[in-house]
Amino acid sequence: MSHLSLYRRFRPETFDKIVRQEHVVRILKNQIASGAVGHAYLFTGPRGTGKTTIARIFARAVNCEHPSDGSPCGTCPVCRALSEGSLDIVEIDAASNNGVNEMRDLREKVQYPPVTGRYKVYIVDEVHMLTDAAFNALLKTLEEPPAHAIFILATTEPQKIPATILSRCMRLDFKLIPEEDLEKHLSGILDEIGKPYDREAVAAIARAGAGSDRDMLSIAEACVVYADRLTYDAVCAVLGAADFHETAKLVRAMLTGDHTASIAALEGILAEGKAVGVLLKDILQLLNRVTVAKTCKNAEKLLALPGRLFSVVKEIADAAEGSAVLRATEILIRTENELRFVSSPRIALETAVLRVSRPEAERDVSALLVRIDKLERELAELKSAPVSAPVSAAPAPAPAPAATQTDGSADDDWQFPTEEPVFAEAYFSDEPLPAAPLPAPSVQPKTPAPAVKAEPSAPAAQTVPAATAEDGKTENMTAEGAYGKFMRTLRKTSRSGVLFTMCSDLAACYEGETLVLYTDSDTICAALNREEHRKIMADVFAQIGVSSFEVKRRGAAPAARDAVEELKNNFRDYPVEIK
Ligand SMILES: [Zn+2]
């Protein structure tokens, strides 16, 4: 005997064996029982939900001599004749017979009475594929059908059926089959063929079936021959899913904002030869599981994952903010939609992964929500932490440029805010700074102590207000103090949030009598040197008693200057002149 696929081998012969679709089965059974059978039906619904199977059972049931509970008995002469193939049950695939000639042919033949039973049943599959002319020819038949004819039209796309046809049919809608029922069906079949299996494996196949019994059974078919025992790993291998732990690593990095790790993980998976589209599906599936693990109490049961995999999902769910998971899902779904329009899917995915893992680089509401959630969590952790190091928790460290950045790449991250930046308040509040009295005496530029270079890059790290520092550092603090006072005054007097923000990330030091403000960004340097900004800054500096200031780009220049200072120091007795 030739090999029969699982789907065909276990195709139900009676209504009782049908998986779900009770509403359809009940209507048909009642019609058979009462003898009030209609002459035209339209079965609609997703593929693999049992439309053709039910149509066949119905076709035999209406002809059976002793139907039992609406189903064909299978033993009477008519049932036997029909099961051996009969002219009384005609199946037409409209996808390949979609012309007007086939329908005219049908109209002629339908006039002949049935051979064995009471009814001739025409099952027209994929009926939406008919041409307009064919629909018209079919319509003629439906308008005046002979008493012995029953038409069952099946389609996955009812919206393509002309209204004139629809109105002559009894429409029955088939639903997607729930995973639970698919699971039960599959485990029943596996028991019957004596294949050992793990529950998680069956659940995974049922999920992959996505509501379609036929799809599920074709996947199961491949899995059954893949290994002696049906395990979760075997199913993943057959489905071509990316390694779970690799995907988990990627998703964890994305959700916790570690963009370096997420790109590395992504490249790793793609290097294995994984298709971008498939990987994207895997990521979305994992994100969905993380959402379930985060929100549902009985997540472990719902997800039906092996214990070790569930603990990975749970761990990611605990580490990630809910808003971050939601945002990641939204971005990736959008990417999935766009994938077919882009010439390089890989770049699209990389960009999406970067966007997800760097909410700080975006300004839409969802990105801001993620950042707020993160801050709130950190705040809660700080509050719940034991009163440990007051130094680190002290408010308002001295104006610390670059401290506002989460990483070193100040230039890349810079964006011009359009509103008053709230975050900067903390850094430049009027609260007294921890120890050193910055203000009054030190504002005036004095004695440019040549010994120590006011290293523009240092102050970021040196936030400790070192009143007792060596003399050179005192000079540095003075510049810092002037800068701090400048920022406080600027906040009070200027309405320009942009200017305030641009100024909030500068390093200050004295060069001779001039207070020099250094920035890492060309853009900010140019912007601050524009006349309108310079004027405001000059006003503010005048208020606090600084008469001369410059804004410079931090770069090679200070290094050269430092070198000159060093040279002068080393050769104090010689006049050093630099040209
Ligand atoms: Zn029968």
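Keep in mind the model is a prediction, meaning the values are calculated, not measured.

Caption draft 1: The sheet that holds strand β3 (residues 120-125), seen in detail. Strand order in this open sheet of five strands is β2-β3-β4-β1-β5, and the pairing throughout is parallel. Two strands lie at the open edges of the sheet, namely β2 (89-93) and β5 (170-173), each paired on one side alone. Strand-to-strand twist in this sheet, taken as the mean axis angle between neighbours without regard to direction, amounts to 20 degrees.

Caption draft 2: The arrangement of the pairing of strand β1 (residues 40-44) in detail. The element β1 is extensively covered by neighbouring structure, given that four of its five residues are classed as buried. Note: β1 against β5, four bridges, orientation parallel. Bridging from a neighbouring strand, T44 pairs with D173 of β5.

Caption draft 3: How the structure looks around helix α10 (residues 213-226). Across its 14 residues, α10 extends 20 Å between first and last C-alpha, which sits within 8% of the 20 Å expected from 1.5 Å per residue. Residues of α10 that are buried include every one of D213, M216, L217, I219, A220, C223 and V224, and no others. Angular distribution of buried residues about the axis of α10 spans 160 degrees; they occupy a single face of the element.

Caption draft 4: Examining the nonpolar core more closely. F58, V124, I152 and L153 are the most contacted members of the largest nonpolar core, which has 45 residues in total. Of the residues forming this core, the biggest block, seven residues, is contributed by helix α3 (residues 51-63). Excluding its chain neighbours within four sequence positions, the residues that come into contact with I152 are Y41, F43, A55, F58, V121 and I123. Core analysis: the second largest hydrophobic core is formed by 32 residues, I283, L303, I316 and V370 among them.

Caption draft 5: Quick look at the confidence of the model for the chain. Here the chain shows a mean pLDDT of 80. Residues at 70 or above account for 79%. Throughout residues 389-476 the model reports pLDDT below 50, and contacts reaching past four residues in sequence, or to other chains, amount to 124 contacts.

Caption draft 6: View of the packing of α10 against helix α11 (residues 232-239). Viewed as axis vectors pointing N to C, α10 and α11 meet at an angle of 120 degrees, and their least axial separation amounts to 9 Å. Relative to α11, α10 is oriented oblique. For the pair α10 and α11, the sense of crossing is right-handed. In this structure, α10 uses A222, C223 and Y226 to contact α11, whose residues at the interface are A234, V235, A237 and V238. Residues that form the contact of α10 with α11 fall into these classes: seven nonpolar, no polar and no charged.

Caption draft 7: Here's a closer look at the pairing of strand β4 (residues 149-155). Of all seven residues that make up β4, seven are buried, and the element is covered over most of its length. Residues A149, F151, L153 and T155 of β4 are buried on one face, and the alternating residues I150, I152 and A154, pointing to the opposite face, are buried as well. Across five bridges, β3 lies against β4 in parallel orientation. Paired with V124 across the two strands is L153, which belongs to β4. Considered for its hand, the β-α-β crossover made up of β3, helix α6 (residues 132-143) and β4 is right-handed.

Caption draft 8: Spatial organisation of unusual backbone geometry. Of note, R20 is a non-glycine position whose phi angle comes to about 55 degrees, a positive value. For R20, the position within the fold is in the loop between α1 (6-9) and α2 (22-34). Positive phi, normally seen in glycine, also occurs at A210, with a value near 50 degrees. Secondary-structure assignment places A210 in the loop between α9 (199-209) and α10. We classify A210 as partly exposed; it has 15 C-beta atoms within 10 Å.

Caption draft 9: Up close: the sheet that holds strand β8 (residues 549-553). Spatial ordering of the open sheet is given by β6-β7-β8, a layout of three strands whose pairing is mixed. Each of the sheet's edge strands pairs with one partner strand only, and the pair in question is β6 (507-511) and β8. With strand direction ignored, the average angle separating the axes of adjacent strands in the sheet is 30 degrees. Judged from the five bridges that link them, strand β7 (residues 514-519) and β8 form a sheet pairing that is parallel. Within β8, the residue paired with L517 across the bridge is V551.

Caption draft 10: Broad picture of α2. Counted at 1.5 Å a residue, the expected span for α2 with its 13 residues is 18 Å, and the 18 Å between its end C-alpha atoms agrees. When α2 is considered as a whole, its buried residues turn out to be V24, V25, L28 and I32. Each buried residue of α2 sits inside an arc of 95 degrees when the element is viewed along its axis, so together they form one side. Within α2, the exposed residues directed more than 90 degrees away from the buried face are E22, H23, R26, N30, A33 and S34.

Caption draft 11: Up close: the environment of E143. Take E143: it is sitting in helix α6. For the pair E143 and T164, spaced 21 residues apart in sequence, the C-alpha separation works out to 9.7 Å.

Caption draft 12: Region of interest: the environment of D173. Here D173 is to be found in strand β5. D173 gets classed as partly exposed once you count the C-beta atoms within 10 Å, which come to 13. Not counting chain neighbours up to four residues away, the residues in contact with D173 comprise T44 and G45.

What counts, and where the lines are drawn
Residues numbered from 1 in each chain as written. Predicted model: local features only at pLDDT ≥ 70, side-chain atom pairs only at ≥ 80, totals over all residues. Pairing = 2+ DSSP bridges. Helix = DSSP H or I, 4+ residues; strand = E, 2+ residues; numbered from the N terminus. Axes fitted to C-alpha atoms, helices over the stretch in contact; angles between N-to-C directions. Buried ≥ 20, exposed ≤ 12 C-beta atoms within 10 Å, placed from the backbone. Expected span 1.5 Å × (residues − 1). Arc of directions from axis to C-beta. Core = buried A, V, L, I, M, F, W, Y, C linked by C-beta atoms within 7 Å. Contact = placed C-beta atoms within 7 Å. pLDDT = per-residue confidence, 0-100. Parallel < 35°, antiparallel > 145°, perpendicular 65-115°, else oblique. Left-handed = near helix turned anticlockwise from the far one by under 90°. Nonpolar A, V, L, I, M, F, W, Y, C, P; charged D, E, K, R; others polar. Right-handed = clockwise from strand over helix to strand, strands pointing away.

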